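# Commentary on secondary and tertiary structure
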Amino acid sequence: MADDIFHLLSTAARIDKSKRKKRMLPKQPAVKVTHDAWDEDETSKSRDRKGKRDTSEEKLAQIHQEQVNAFRNSLNIKVKGDAKRILDPISSFDELEGRTSQVIGRNVPWKTPTPIQMQAIPILLHGEDIMATAPTGSGKTGAFVWPLIWHVAKTKERLSALVMAPTHELAVQLHSQIQQMCNNLPIRAQLLQKSNAKQQGNAQILVATPKRLVDSQKEEWIKLDDIRFIVLDEADRLLESM
């Protein structure tokens, strides 16, 4: 089973990054912290040898990064990877601009983003690949569903996103949450089941378990040639199930 699914994801469902077009990126405002950027402590550290305030870009960038790190530490957000590709976390959904984000925002059950959403959403909206972990009930689903819908809304492919879950029960929950967040948007998510495997319809997002996906692919009931976005939810359990 593991060989089948990995072969499937690396061929038919391969993400062609070379075909990614430039997209309008969400605005990345400075992270909100308790202290002003030029509070007494920071200004005292930002003066040159003559006592003049150092406003060089390098120093301002250093101060900003210190604030971002303090914000992450206060919420126990830990990041690892290429620093240039790790965007600043957001502190409010209002920082995500654009009509699609506004519509999604009205459909989410959170008034403010959770820590995993604060950091993961801006990175995923930027088109980066990430691996994220967070406790149960921390809003992980929203962290990847929001960017997924945002990207899918900008593609023309009929089926462009694949979300995989280790069990049918979890797949049902994911499908329900995705449908809720797609409310009032021209996006449809389909839960792949034995009863509808032969009917893709006009779904742009496919939610499936590994076994159901492999069986449907072997029977040539579905085509994943246009898949550009892949989500492995509960990845540790997903790999164990294979």
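Our subject is the structure listed above.
Residues numbered from 1 in each chain as written. Predicted model: local features only at pLDDT ≥ 70, side-chain atom pairs only at ≥ 80, totals over all residues. Heavy atoms only, no water.

## Structural notes on the pattern of salt bridges
As a reminder, the rule being used: Between Lys or Arg on one side and Asp or Glu on the other, a salt bridge is scored when a side-chain nitrogen of the former is within 4 Å of a carboxyl oxygen of the latter. Helix and strand labels come from DSSP, where a helix needs a run of H or I of at least four residues and a strand needs a run of E of at least two; each type is numbered from the N terminus.
In total, this model carries two salt bridges according to the counting rule given. Between R85 and E128 there is a salt bridge, with its nearest N and O atoms 2.6 Å apart. Residue R85 is found in the loop between α3 (57-74) and α4 (99-107), and its partner E128 is found in the loop between α5 (115-125) and α6 (140-152); the two are separated by 43 residues along the sequence. One salt bridge in this structure joins K211 and D215, with 2.9 Å as the shortest N-O distance. Placement of the pair is K211 and D215 together in helix α8 (residues 210-218), with a separation of four residues, close to one helical turn.

## Points about α8
As a reminder of what qualifies: Three exposure classes are used, based on accessible area relative to the maximum for each residue type with a 1.4 Å probe and protein chains only: buried under 20%, partly exposed in between, and exposed over 50%. This arc is taken over the directions from the axis of the helix to the C-beta atoms.
Those residues of α8 not exposed but buried are P210, L213, V214 and S216. Along the long axis of α8, the arc covered by the buried residues comes to 165 degrees, so they all point the same way. Just downstream of α8, E220 is the residue with a positive phi angle, here 60 degrees.

## Section: the packing of α6 against helix α7 (residues 168-181)
Convention followed: Lines fitted to the C-alpha atoms define the axes, with helices restricted to the stretch that makes contact. Angles between their N-to-C directions range from 0 to 180 degrees. Roughly parallel means an angle under 35 degrees; roughly antiparallel, over 145; roughly perpendicular, 65 to 115; everything else is oblique. By convention the crossing between two helices is left-handed if the near helix lies anticlockwise of the far one by an angle smaller than a right angle, and right-handed if it lies clockwise. By definition in these notes, contact holds between two residues if any of their heavy atoms fall within 4.5 Å.
At their nearest, the axes of α6 and α7 sit 10 Å apart, and the two run at 50 degrees to each other. In terms of orientation, α6 lies oblique with respect to α7. α6 and α7 meet at a crossing whose hand is right-handed. Between α6 and α7, the contacting residues are T141, G142, F144, V145, W146 and I149 on the first element and L174, Q177, I178 and M181 on the second.

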